[in-house]
Amino acid sequence: ILARCKVTSVDEWMTIINEADLWQMDNLREHAISQLRQLYIEPVYKILTFSQYNTPPDELVPSYIDAITRPAYCLLERPI
């Protein structure tokens, strides 16, 4: 059924991950994470959310590098 859905945004995939985690649907959770890996997610937000779902820490190294080397200051709220 999910294959027929047009899920395209980070927010939509995050909703799916949250529900899959809540209902212990590991295959769906992993599928949603794999889809999120293909989308751009602001580095700090990616670190926070991917850490919450126990993804491999080495996967977040590029996000840590982006977060600490970017010239702009860090906002505490998530960008839209």
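Parameters and conventions
By convention here, each chain's residues receive numbers from 1 onward along its written sequence. For this predicted model, a pLDDT threshold of at least 70 governs which residues receive local features, and a threshold of 80 or more governs which side-chain atom pairs are given and counted, while totals over whole chains, interfaces and linings are taken from all residues. Where side-chain values are given, they derive from all heavy atoms of the structure, hydrogens and water being excluded. Secondary structure elements follow DSSP: runs of H or I of four or more residues count as helices, runs of E of two or more count as strands, with numbering from the N terminus. Think of it in three bands: residues with accessible area under 20% of the maximum for their type are buried, residues over 50% are exposed, and the middle band is partly exposed, with areas taken using a 1.4 Å probe on protein chains only. The term polar contact refers here to a pair of N or O atoms within 3.5 Å; inside protein, the definition further demands a hydrogen-donor-capable atom paired with an acceptor-capable atom, and it admits residues adjacent in sequence only when both atoms are side-chain atoms. Each axis is a line fitted through C-alpha atoms, taken for helices only over the stretch in contact, and angles between the N-to-C directions span 0 to 180 degrees. Angles below 35 degrees are treated as roughly parallel, those above 145 as roughly antiparallel, those between 65 and 115 as roughly perpendicular, and all remaining angles as oblique. A clockwise turn of the near helix away from the far one marks a right-handed crossing, whereas an anticlockwise turn of less than a right angle marks a left-handed crossing. Residue contacts are defined here by distance: any two heavy atoms, one from each residue, within 4.5 Å place the two residues in contact. By definition, no residue in a patch forms a salt bridge, and every one has over 30% relative accessible area; like charges are joined within 9 Å, nonpolar side chains (Val, Leu, Ile, Met, Phe, Trp, Tyr) within 5 Å. Throughout, the Shrake-Rupley method with a 1.4 Å probe supplies accessible areas, and for residues the shown protein chains are the sole cover considered. Any carboxyl oxygen of Asp or Glu within 4 Å of a side-chain nitrogen of Lys or Arg constitutes a salt bridge here.

Asker: Can you help me understand the environment of Arg-70 in this one?
Answerer: Looking at the secondary structure, you find Arg-70 in the segment after helix H4 (61-69). For Arg-70, a relative accessible area of 25% puts it in the partly exposed group. In this structure the side chain of Arg-70 is engaged in a polar contact, spanning 2.5 Å, whose partner is the side chain of Glu-42.

Asker: Which parts of the structure should I look at to understand the packing of helix H1 (residues 10-22) against helix H2 (residues 26-36)?
Answerer: Helices that pack against each other are described as a pair by the angle of their axes relative to one another and the distance between those axes. The contact between H1 and H2 brings their axes to 8 Å, and the two run at 160 degrees. In terms of orientation, H1 lies roughly antiparallel with respect to H2. The two elements H1 and H2 cross, and the hand of that crossing is left-handed. Here Val-10, Trp-13, Met-14, Ile-16, Ile-17, Ala-20 and Asp-21 of H1 come into contact with H2, specifically with Leu-28, Arg-29, His-31, Ala-32, Ile-33, Gln-35 and Leu-36.

Asker: Help me understand helix H3 (residues 43-52) in this model?
Answerer: For an α-helix the count is 3.6 residues per turn, leaving residues at separations of three or four pointing the same way. Of the residues making up H3, those classed as buried are Pro-43, Tyr-45, Lys-46, Ile-47, Thr-49 and Phe-50. Packed against the buried residues of H3 are H1, H2 and H4. The residue sitting at the N-terminus of H3 and contributing the capping side-chain oxygen is Glu-42; that oxygen lies 3.2 Å from the backbone nitrogen of Val-44. In the stretch just after H3, Asn-54 is the one whose phi turns positive, near 55 degrees.

Asker: Would you take a moment to explain a nonpolar patch on the surface for this structure?
Answerer: Among the surface-exposed residues, Leu-22, Trp-23 and Met-25 lie close enough to one another that they form a single nonpolar patch of about 380 Å² accessible area. Position of Trp-23 relative to the elements: it lies in the loop between H1 and H2.

Asker: What's the story with the environment of Ile-41 in this structure? I'm lost.
Answerer: Along the chain, the position of Ile-41 falls in the loop between H2 and H3. The spacing of Ile-41 and Ser-9 is 32 residues in sequence and 10.0 Å in space, taken between C-alpha atoms. Every residue in contact with Ile-41, bar those within four places of it in the chain, is listed here: Val-10, Leu-36, Lys-46 and Phe-50.

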